[in-house]
Amino acid sequence: MSRLPPYLQYLPAFEATARLGGVRHAAEELNLSPSAISLQLKKLSDATGIILFQKSGRNVALTQAGKDFSQAVAISLGQLGTATRASRKITAGDQPASLSVSVPTALGIAWLTATIVDFAQSHGIANLTINEAITAAEVDWQENDLAVVYDNPPFTGKYWRSLSEVRLCAVCSPTLFPRLDLRNRDRKLSSVALLHEDDGGEWAKWSVAARIGLEGNTRVRVNSVAQAIASAVQGRGVALVSDVLTRNYLSEGRLIQPFSTTINAAREYYIVCPVDRANDPVLRALADRVVEQLRPGREQNA
């Protein structure tokens, strides 16, 4: 058997410093002094021959070589963590697994909750918890193994995987469509409620792209895009929402898309989990299942 590298004992200090961006933060997390962390980082750099960090104000920043090494360390530590958890399950008699997942409310209602439930049943997961959060910062990582978020990276200390670019389209109920007066050359979308969850900037962006005026409308801002979709289905207005959320409603005829124009949303959907869980086989399988459900042209299960 080949001899193990002599610097393995220094990897936790390196991983924490790289993830947290500072020696002091790493020291607090590992219950060591900053000088002890600095000494371990020096010994690791000497042993590997790699310049791992460079000064960045009061903190430190990874060099390019340090970034490459950090990625390899994160993967290796994740694999060790996965192997340890798997061994514990076998030792404990292979008890039924538990899984806790956080999802954005609207995406969960549209189809994601059903997908996660089906996944848990097919993998023999007896204890499933589904929580709600929109952004990565809102996720309680003490309670969740994995999260699907509507957000923009980077997500510090986390592994992430892009699920879908989000395109926004205007949708309404078929019962509302006759009220949309679009016969004139100077097309205007007027005398209806425009439903949105942002400050109205996305509707303004869509208006320019579609070359459709929005004068004379009622602006309705809601706290959740799920409320915007529900109001549109009920014929209460036109919602500017993600195509990922409306596929089922459009295929069922509960909503229609009266305009072909779509625009990019300010955020996208990502799967996020702690770095040390990135290679967990259950989480990877769930991520693959969600990506498969998002494949263009695939019908979603409501």
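Everything quoted here is computed from the prediction, not taken from an experiment.

On to the sheet that holds strand E9 (residues 218-221). The sheet built from 5 strands is open, its strands ordered E9-E8-E10-E7-E11 with mixed pairing. Each edge of the open sheet carries a strand with a single partner, namely E9 and strand E11 (262-264). The mean inter-strand angle of the sheet, taken between neighbouring strand axes irrespective of direction, is 25°. Pairing of strand E7 (residues 167-171) with E11, which is carried by 3 bridges, proceeds in the antiparallel orientation. Residue pairing in the sheet places Leu168 in a bridge with Ile263 of E11.

Right, let's get into the sheet that holds strand E3 (residues 98-103). Taken in spatial order, the 5 strands make up an open sheet running E4-E3-E5-E12-E6, and their pairing is mixed. Looking along the sheet, the strands with just one partner apiece sit at the ends: strand E4 (127-132) and strand E6 (158-164). Between one strand axis and the next, the sheet turns through 20° on average, direction left out of account. Pairing analysis gives 6 bridges linking E6 to strand E12 (residues 268-274), with the strands arranged antiparallel. Each residue of the ladder has a partner; that of Ser164, found in E12, is Tyr269. With respect to the sheet, helix H5 (residues 105-122) is in contact with E3, E4, strand E5 (146-151) and E12, its orientation differing from that of E4 by roughly 165°. Sitting on the sheet, helix H9 (residues 281-293) is in contact with E3, E5, E6 and E12, with an inclination near 20° to E6.

Over the atoms, a rolling probe the size of a water molecule traces out where space has been left empty. Approximately 620 Å³ is the volume found for the largest pocket. When contributions to the lining of the largest pocket are tallied by element, the ones reaching two or more residues are helix H1 (11-20), helix H4 (64-91) and E6. Take the lining of the largest pocket: its biggest share by element is 6 residues, from H4. Here the lining of the largest pocket is built from residues that sort into 12 nonpolar, 5 polar and 5 charged.

What follows is about the nonpolar core. Leu189, Trp203, Trp206 and Tyr269 are the most contacted members of the largest nonpolar core, which totals 58 residues. Element by element, the count of residues in this core is highest for H5, at 8 residues. Sequence-distant contacts of Trp206, defined by excluding residues within four places in its chain, comprise Ala170, Leu189, Ile212, Leu214, Leu240, Phe259, Thr261 and Ile263. The next biggest cluster of nonpolar side chains, apart from the first, holds 18 residues, and it includes Tyr10, Ala13, Val60 and Phe69.

A few words now on the packing of aromatic side chains. Scanning the entire structure with this criterion turns up 7 aromatic pairs. Centroid distance Phe155 to Trp160: 5.4 Å. Interplanar angle 80°. Geometry classified as edge-to-face. Connected via pairs of aromatic rings, a cluster forms that spans Phe14, Phe53 and Phe69.

Our next topic: helix H3 (residues 34-48). Along an α-helix, residues three or four positions apart point the same way, because every turn accommodates 3.6 residues. For H3, with 15 residues, the first-to-last C-alpha span of 21 Å sits near the 21 Å given by 1.5 Å per residue. Downstream of H3 by a residue or two, Gly49 has a phi angle that is positive, lying close to 75°.

Moving on to the pattern of salt bridges. Two side chains that carry opposite charge are able to pair once their charged atoms sit near each other. Considering all chains together, one arrives at 7 salt bridges under this definition. Arg277 serves as the salt-bridge partner of Asp145, at 3.3 Å between the closest nitrogen and oxygen. Of this pair, Asp145 sits in the loop between E4 and E5 while Arg277 is found in the loop between E12 and H9, placing the two residues 132 residues apart along the sequence. Judged on exposure class, the residue Asp145 and its partner Arg277 are both buried. By sharing partners, the salt bridges in this structure join Glu15, Arg19 and Glu29 into a single network.

All told, the structure shown has 1 cavity of 30 Å³ or more when counted by the stated rule. Considering only enclosed or pocket space, the largest cavity measures out at about 80 Å³ in volume. Around the largest cavity sit Leu146, Tyr159, Arg161, Ile271, Cys273, Ala278, Leu283, Arg284 and Ala287, which together line it. Those elements giving two or more residues to the lining of the largest cavity turn out to be E6, E12 and H9. Counting residues per element, the lining of the largest cavity draws most heavily on H9, at 3 residues. Its residues assigned to classes, the lining of the largest cavity shows 7 nonpolar, no polar and 2 charged.

What counts, and at which threshold
- Residues numbered from 1 in each chain as written.
- Predicted model: local features only at pLDDT ≥ 70, side-chain atom pairs only at ≥ 80, totals over all residues.
- Heavy atoms only, no water.
- Pairing = 2+ DSSP bridges.
- Helix = DSSP H or I, 4+ residues; strand = E, 2+ residues; numbered from the N terminus.
- Axes fitted to C-alpha atoms, helices over the stretch in contact; angles between N-to-C directions.
- Contact = heavy atoms within 4.5 Å.
- 1 Å grid on protein atoms, 1.4 Å probe; cavity = no way out; pocket = protein on both sides within 12 Å on 5 of 7 lines; lining within 4 Å.
- Points joined across faces, edges and corners; volume = space filled by probe spheres on them.
- Nonpolar A, V, L, I, M, F, W, Y, C, P; charged D, E, K, R; others polar.
- Core = buried A, V, L, I, M, F, W, Y, C linked by side-chain atoms within 4.5 Å.
- Buried < 20%, exposed > 50% of the residue type's maximum accessible area, 1.4 Å probe, protein only.
- Phe/Tyr/Trp six-rings, centres within 6.5 Å; stacked < 30°, edge-to-face > 60°.
- Expected span 1.5 Å × (residues − 1).
- Salt bridge = Lys/Arg side-chain N within 4 Å of Asp/Glu carboxyl O.

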